[in-house]
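# Residue-level structure breakdown
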Amino acid sequence: MRHREHRERSSPASTAMALLISLARHFSLKRLLLRTVGAILSAQAITLIILQVISRQRKRYLPQGGFPHTRFAEVTIGQDHLQLYDYGRDLYDDMLAAIDSAQETIYLESYIWKDDSVGRAFKEHLIRKAEEGIAVYVIFDWFANLVVPRKFKIFPPTIHVLQYQAFRYPWHLFDPRRYALDHRKLLVVDGQIGFIGGYNIGETYATSWRDTHLRIRGPAAADLAQSFVDFWNQHVPAYERITRRHSRCFNPLINVRGTSAMRLMFPIRDMYIEAIDRAQKFIYLTNAYFVPDSILLDALKAAARRGVDVEILVPWMSNHIIADWLSRSHFSECLKAGIRIFGYRHMLHAKTCTIDGEWSTIGTANLDRLSSIGNYEINVEIYNGDLARQMEVLFKYDKTNAFELRLEDWEQRPWYVRLSEWLLTPLRFLT
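So, a few notes on the structure that sits alongside this text. Keep in mind it's a predicted model, so treat the numbers as computed, not measured. (Residues numbered from 1 in each chain as written. Predicted model: local features only at pLDDT ≥ 70, side-chain atom pairs only at ≥ 80, totals over all residues. Heavy atoms only, no water.)

Helices and strands together make up the secondary structure of the chain, namely 15 helices and 18 strands. Burial analysis of the chain (431 residues in total) assigns 53% to the buried set. Put simply, of all contacts in the chain between residues at least 6 apart along the chain, 78% involve residues at least 24 apart. (Helix = DSSP H or I, 4+ residues; strand = E, 2+ residues; numbered from the N terminus. Buried < 20%, exposed > 50% of the residue type's maximum accessible area, 1.4 Å probe, protein only. Contact = heavy atoms within 4.5 Å.)

Under the criterion given, the structure shown has 22 aromatic pairs. Judged by centre distance (6.0 Å) and plane angle (70°), the rings of F67 and Y87 are edge-to-face. Of this pair, F67 sits in the loop between α3 (29–58) and β1 (75–77) while Y87 is found in the loop between β2 (80–85) and α4 (88–100), placing the two residues 20 residues apart along the sequence. Both rings, one in Y107 and one in Y137, keep their centres 5.8 Å apart while their planes meet at 65°; by these two values the pair is edge-to-face. Linking Y107 in strand β3 (residues 105–110) with Y137 in strand β4 (residues 135–141), this pair joins segments that are 30 residues apart in sequence. Pair check on accessibility: Y107 and Y137 agree, each one buried. Over the ring of W316 we find R328; its NZ or CZ atom is 4.0 Å from the centre of that ring. (Phe/Tyr/Trp six-rings, centres within 6.5 Å; stacked < 30°, edge-to-face > 60°. Lys NZ or Arg CZ within 6 Å of the ring centre and 35° of its normal.)

Attention now goes to the nonpolar core. Counting residues in each nonpolar core, the largest one holds 40 residues, and the members touching the most others are Y92, W113, F122 and L126. Secondary-structure elements contributing two or more residues to this core are α4, β3, α5 (117–131), β4, β6 (186–189), β7 (193–197) and α6 (203–207). Not counting chain neighbours up to four residues away, the residues in contact with L126 comprise I99, I106, L108, W113, V136, V138 and I159. In this structure, Y164, I196, A220 and I242 belong to the second largest nonpolar core, which totals 37 residues. (Core = buried A, V, L, I, M, F, W, Y, C linked by side-chain atoms within 4.5 Å.)

Moving on: the side chain of D223. With respect to the secondary-structure elements, D223 resides in helix α7 (residues 221–234). Non-local contacts of D223, meaning those with residues more than four positions away in its chain, are made with R248, C249 and V256.

The phi dihedral of D190 falls on the positive side, at around 60°, and the residue is not glycine. Mapped onto the elements of the fold, D190 is located in the loop between β6 and β7. With phi around 55°, D356 is a residue other than glycine that occupies positive phi space. One can find D356 in the loop between β15 (351–355) and β16 (359–363). A relative accessible area of 14% means that D356 is categorised as buried.

The mixed open sheet is built from eight strands, whose spatial order is β1-β2-β9-β7-β6-β3-β4-β5. Lying at the two open borders of the sheet, with one neighbouring strand each, are β1 and β5 (159–164). Geometrically, the sheet is characterised by an average inter-axis angle of 15° between neighbouring strands, direction not taken into account. For β3 and β4, the ladder comprises six bridges, and the chain directions are parallel. If you follow S110 over to β4, its bridge partner there is F140. Along the sheet, α7 contacts β2, β3, β4, β5, β6, β7 and β9 (213–217); its crossing angle with β4, the most-contacted strand, is approximately 65°. Contacting β1, β2 and β9, helix α13 (residues 385–399) crosses the sheet at an angle of about 0° to β2. (Pairing = 2+ DSSP bridges. Axes fitted to C-alpha atoms, helices over the stretch in contact; angles between N-to-C directions.)

Between helix α8 (residues 267–278) and helix α9 (residues 294–305), whose axes approach to 9 Å, the crossing angle comes to 15°. The orientation of α8 with respect to α9, classified from their angle, is roughly parallel. Crossing geometry of α8 relative to α9 is assigned as left-handed. Where α8 abuts α9, its residues R269, Y272, I273, I276 and D277 lie against I295, L296, A299, L300 and A303. Here the contact of α8 with α9 is composed, by residue class, of eight nonpolar, no polar and two charged. (Parallel < 35°, antiparallel > 145°, perpendicular 65-115°, else oblique. Left-handed = near helix turned anticlockwise from the far one by under 90°. Nonpolar A, V, L, I, M, F, W, Y, C, P; charged D, E, K, R; others polar.)

A word on the pattern of salt bridges. Opposite charge on two side chains allows them to pair when their charged atoms are near. One pass over the structure, following the stated rule, counts 24 salt bridges. In this structure, R340 engages E404 in a salt bridge whose closest nitrogen and oxygen atoms are separated by 2.8 Å. Of this pair, R340 sits in strand β13 (residues 340–344) while E404 sits in strand β18 (residues 402–405), and the two are 64 residues apart along the sequence. Residues participating in the shared-partner salt-bridge network are E311, R340, K399, E404 and R406. (Salt bridge = Lys/Arg side-chain N within 4 Å of Asp/Glu carboxyl O.)

Structure, rendered in structure tokens:
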């Protein structure tokens, strides 16, 4: 009897059952998930480190020197006169001239303001006008200018300065609306001359970066002035608020669209989607960091599928290598939908779009989540055929310094590139 019991206990079935019980005791779904997540996070970290090393190395091989640019004639829309810029040096000369012409007020807002010859020239001109009695107000983003020497960011008391900081108190860390940078770039003089676009202030942007800016002379500039005043008054104590108001009027052909994280207002993204949905002929879109959300991307794909010529121009190597890779993770989907993609050979920082020879937008908003529902941004929306034609010319001119990405070539990229894109995909929501 004892021998029979021993054989039963030692049978293959009982041994297998004991093994399964032992494995079940040691198996933990939670542990497996943690290890999987840990492995993915480690792979992401390694990929990011490798990309940062590549980024430093590739700066040595980025194209240096000039790039194709042109000059445009001023466009008149009613009482407003619009000037398009695609070269920083030309823009800065006209901005400084506008500052020198000020009679009452100067509002300057810049995301980045470098301590170099260009940055110092702007500072000197502003100080000189303030000494003449002109009301000069300046806004710049604290985080974006961390590397700028502190001495440069000190202004004389004749100039009103707002160094915008997202977090001023510890409890601000728990407010998602506070995770917003001031990414806007504005100059408004006397409420009559306004500049808006992608250009920051610095030597690099003057000659080495392709960007797009717009000058508005006329009543529509008052809307830019009011946008500056609204931002200033929202972020300063009551006794420092600007009380001056510039006369404004409704203009259905020129509209200013601004995002506000604190007010949870994000009209620029909706503006793009609505315009794309209306497109019948073509969409020429230029953007420095093309990482659209699913709704915006679906709108572009739907336009291409209904026969619209959708062309997207992006920098092939921008100043943010992570954004480049996140952008490229969309390329297969875009190309398969019939969207044409062009890689610009220099640094391209513009944020523009023109559609059907009628509608255009120029401003500060990239097509990523930070710009769509995060940072403070500002764009101008324009309904005018003459300006739209200039935007078409500019887009085609830029394509002479770009190459077109073909689906068959893109599909042949190495497996490790595909793997890196997949690993980085979850980071899209951070851009």
